[in-house]
Amino acid sequence: MLRLPKNFETFNEARQKSFMSLYEAKQSGKKVIGTFCSYTPVEIIHAAGAIPVGLCGKSEQGIPEAEAHLPKNLCPLIKASYGMALSDQCPYFYFSDGILAETTCDGKKKMYELMSTFKPVHVLNLPQSKDQAFAIESWTEEIKRAAAFLEKLFNVTITEEKLHDAIVYRNRVRKAIVDLYEVAKLKPSPVSGYEISTVAESADFHFTDDDLVAKLEKITAEFKSRVRNDEGRPRVLITGCPNAGVRDKLIKRLEELGADYVCADVCSGPRAQKFMVDENSEPYRAIAERYLKINCSVMTPNTARFDDIKSLVKEYQVDGVIEMVLQGCHTFAVEAFNTMKLVQEGLNLPYLRLDTDFSQSDSGQIETRLGAFIEMMEVA
Ligand code: BJ8
């Protein structure tokens, strides 16, 4: 009989429900692998018979505990992720049998060293540049090495057939998520971007045997059937660091103030979800190729990100771009200079950069800047 975490009673209802579905999966013998990055090839986790679960910290919770071990000026995403794990406050980390981590930014890869003292952690060495010929070779080998870690951890064999089934399944889920995001291409979008992204992100916490794809397709159809009459609201693309930890003070407030959040150039958004794994090639190589297409600022150079922003602005009929940079994230902070140039000079659109963390202390200041930004945008 598995033990519930000691602070289980303090979880809110939604969290308790999601945790209980994972608890039941564990009771039935399922294994769980925690992940922290969009570069983690989840197909090998499925093929090992385990459930992948995204573990990134999304609030201030865990940060005080993390700061006992980590520098205060580190990125809040890293501190919250580590602190939640360390203090047993993350139900998903609690039930993870192991972690598939990656060498993305310096803060994360050094944090994993500390995390490995209380959970089995395997780190994939992600190439820092995807344009070099050796990148695809070494990344394919890294994915095979991670698969071997899972085989050993769970005493299973990842067959080519299981890997193929996992590839087909994840492609279907990705396609359903892209279709969901694309509801916001309608003008006006029938649903708020806050609502769309809430549903899209909840797909990461699907632990039951229900058909996730069917569920997403049903919600997408329902969203498309909605009618909204408030035309003339400016349409915004948000780019930069992952924004789950600042959703309320940024996305929710932006929409309450009168703009529509229609698109995200972030690693969990349509930009990365649109890449599929080739179902007809050698599976490890095909998986490696798919994940290396992700445009994250940890890569150098990362020029394809700017091509993506250009296409997304056009496809989603965007009137302005907001870049959110988390405190201590050097790669996105440096790259922001080029985003600003592209948006202001190349696309001739208003650009707003917000540097923030997971605290609420700057909510008022952000609200004032969002209000002024909305006034600058001209609705096409
Ligand atoms: S693919 S965006 S999830 S690395 S943790 S880099 S915010 S300093 S999260 Fe990321 Fe993978 Fe890229 Fe996406 Fe900066 Fe903070 Fe590092 Fe961060």
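**Q** Which parts of the structure should I look at to understand the sheet that holds strand 1 (residues 31-35)?
**A** Sheets are built from strands that pair by backbone hydrogen bonding, the pairs being arranged parallel or antiparallel. On the basis of which strands lie adjacent, the open sheet formed by four strands has the order 2-1-3-4 and parallel pairing. The open sheet has two edge strands with one neighbour each: strand 2 (50-54) and strand 4 (121-124). Averaged over all pairs of adjacent strands, the angle between their axes in this sheet comes to 25 degrees, without regard to strand direction. The sheet contact formed by strand 1 and strand 3 (residues 98-102) spans three bridges and is parallel. Each bridged residue has a counterpart across the sheet, and for Thr-35 the counterpart in strand 3 is Leu-100. Packing of helix 7 (residues 133-154) onto the sheet brings it into contact with strand 1, strand 2, strand 3 and strand 4, and relative to strand 4 it is tilted by some 170 degrees.

**Q** Is there a simple way to explain the sheet that holds strand 8 (residues 351-356) in this structure?
**A** Pairing is parallel across the open sheet formed by four strands, whose spatial order is 6-5-7-8. The sheet terminates laterally at strand 6 (260-265) and strand 8, the two strands that pair on one side only. Neighbour-to-neighbour, the strand axes of the sheet open up by a mean angle of 25 degrees, direction not taken into account. Judged from the six bridges that link them, strand 7 (residues 320-326) and strand 8 form a sheet pairing that is parallel.

**Q** Can you walk me through the site of the ligand in this structure?
**A** Near the ligand lie 14 residues; those nearest to it are Cys-37, Cys-75, Cys-105, Cys-296 and Cys-329. Classifying every residue of the shell around the ligand by side-chain character gives 11 nonpolar, two polar and one charged. Here the shell around the ligand spans two domains, since at least three of its residues come from each of domain 1 (8-158) and domain 2 (164-379).

**Q** Would you mind showing me how to read the state of the cysteines here?
**A** Counting across every chain of the model gives zero disulfides. Sulfur of Cys-263: no disulfide; nearest cysteine sulfur belongs to Cys-267 and is 13 Å away. Its relative accessible area of 3% is what places Cys-263 among the buried residues.

**Q** Honestly, the nonpolar core in this entry has me stumped. Any pointers?
**A** In this structure, Ile-44, Leu-100, Met-115, Leu-150, Leu-250, Leu-254 and Ile-322 are the most contacted members of the largest nonpolar core, which totals 93 residues. The leading source of residues in this core is helix 7, at nine residues. Setting aside chain neighbours within four positions, we find Leu-254 in contact with Val-236, Ile-238, Ala-259, Tyr-261, Ile-322, Leu-370 and Ile-374. Residues Val-213, Phe-223, Ile-309 and Val-318 belong to the second largest nonpolar core, which totals 31 residues.

Criteria and cut-off values
Residues numbered from 1 in each chain as written. Predicted model: local features only at pLDDT ≥ 70, side-chain atom pairs only at ≥ 80, totals over all residues. Heavy atoms only, no water. Pairing = 2+ DSSP bridges. Helix = DSSP H or I, 4+ residues; strand = E, 2+ residues; numbered from the N terminus. Axes fitted to C-alpha atoms, helices over the stretch in contact; angles between N-to-C directions. Contact = heavy atoms within 4.5 Å. Near = heavy atom within 4 Å. Nonpolar A, V, L, I, M, F, W, Y, C, P; charged D, E, K, R; others polar. Domains from an automatic or database assignment. Disulfide = S-S within 2.5 Å. Buried < 20%, exposed > 50% of the residue type's maximum accessible area, 1.4 Å probe, protein only. Core = buried A, V, L, I, M, F, W, Y, C linked by side-chain atoms within 4.5 Å.

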